[in-house]
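A look at the structure
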Amino acid sequence: MTAARSARYHRLVFAEAWARPLLVVHAVVACAAVASATHAALWLRRHLRDGSRLRATRRFGTITAALFALAFVGGLVIYPTYRTRVRAELLDDPIALTAMVDAEATARAARGEPLPPPEVRAARAEARVADAARAARWFDVKEYLALVGLLLALAVAVILRAWTPEAAPAIGGITLGLALATAACGWATGVIGLLTTAWRGV
């Protein structure tokens, strides 16, 4: 591929030039969303126990929904780069993964380490392909959990704003369950995102 064609090819991926800084921002916003969701759930639990901190709980509910929305949008912006440069060019490409294993073995041999026999390199390549497929599946799970977390966060924010504890006390327990589920989705997406990014980032 010529340099001109390569440049055109790279421009086809939306926002690729900004993918790495956006990934950092996305991670920071996602961490803030997880922290806010956890605070909202804990403070709602405290309100249900002693009637305090309702205003702060409502504020955290709104902040959580906004942060989840920002993190989700940021993920959508980065997704084309991930799908093209990470998923298509590596995780779903056994040839590229095998070449990576061979390059690692060659680099070790250049440092004076013994070169593994072909059957060992083949076994390592097969394990790398299986690991890559697993990472890709977990990333897909993360995307679904992020959407569920966003919907839950929006629901909690709306309910907390409209809820009058004296008029509908039973709503508090339901909302607490939704808030805990929001925090759980946030923690799960955060952990899976860190693990998959550590495997191969944009």
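Because the structure is a prediction, the values reported are computed rather than measured.

1. Some thoughts on helix α6 (residues 170-199)
- Across its 30 residues, α6 extends 45 Å between first and last C-alpha, which sits within 8% of the 44 Å expected from 1.5 Å per residue.
- Lining the buried residues of α6 we find α2 (19-50), α3 (54-91) and α5 (118-162).

2. Observations regarding the nonpolar core
- Core analysis: the largest hydrophobic core is formed by 11 residues, namely Val29, Ala33, Ala37, Ala65, Leu67, Phe68, Ala71, Leu150, Ala153, Ala157 and Ala183.
- Secondary structure elements with two or more residues in this core: α2, α3 and α5.
- If you tally residues by element for this core, the top one is α3, at four residues.

3. What about the pattern of salt bridges?
- Under the defined criterion, the tally for this structure stands at 10 salt bridges.
- Asp50 is the partner of Arg46 in a salt bridge, and the nearest nitrogen-oxygen pair spans 3.6 Å. Here Arg46 pairs with Asp50, and both are found in helix α2, just four residues apart, close to one helical turn.
- By relative accessible area, Arg46 is classed as partly exposed at 33%.
- The partly exposed category is assigned to Asp50, whose relative accessible area is 44%.
- For Glu89, the salt bridge is made with Arg85, and the minimal N-O distance between the two is 2.8 Å. Pair noted here: Glu89 and Arg85 are both in helix α3, with a separation of four residues, about one helical turn.
- Using a relative accessible area of 34% as the deciding quantity, one classes Glu89 as partly exposed.
- Look at Arg85 and you get buried, because its relative accessible area is 8%.

Rules used in this analysis
- Residues numbered from 1 in each chain as written.
- Predicted model: local features only at pLDDT ≥ 70, side-chain atom pairs only at ≥ 80, totals over all residues.
- Heavy atoms only, no water.
- Helix = DSSP H or I, 4+ residues; strand = E, 2+ residues; numbered from the N terminus.
- Expected span 1.5 Å × (residues − 1).
- Contact = heavy atoms within 4.5 Å.
- Core = buried A, V, L, I, M, F, W, Y, C linked by side-chain atoms within 4.5 Å.
- Buried < 20%, exposed > 50% of the residue type's maximum accessible area, 1.4 Å probe, protein only.
- Salt bridge = Lys/Arg side-chain N within 4 Å of Asp/Glu carboxyl O.

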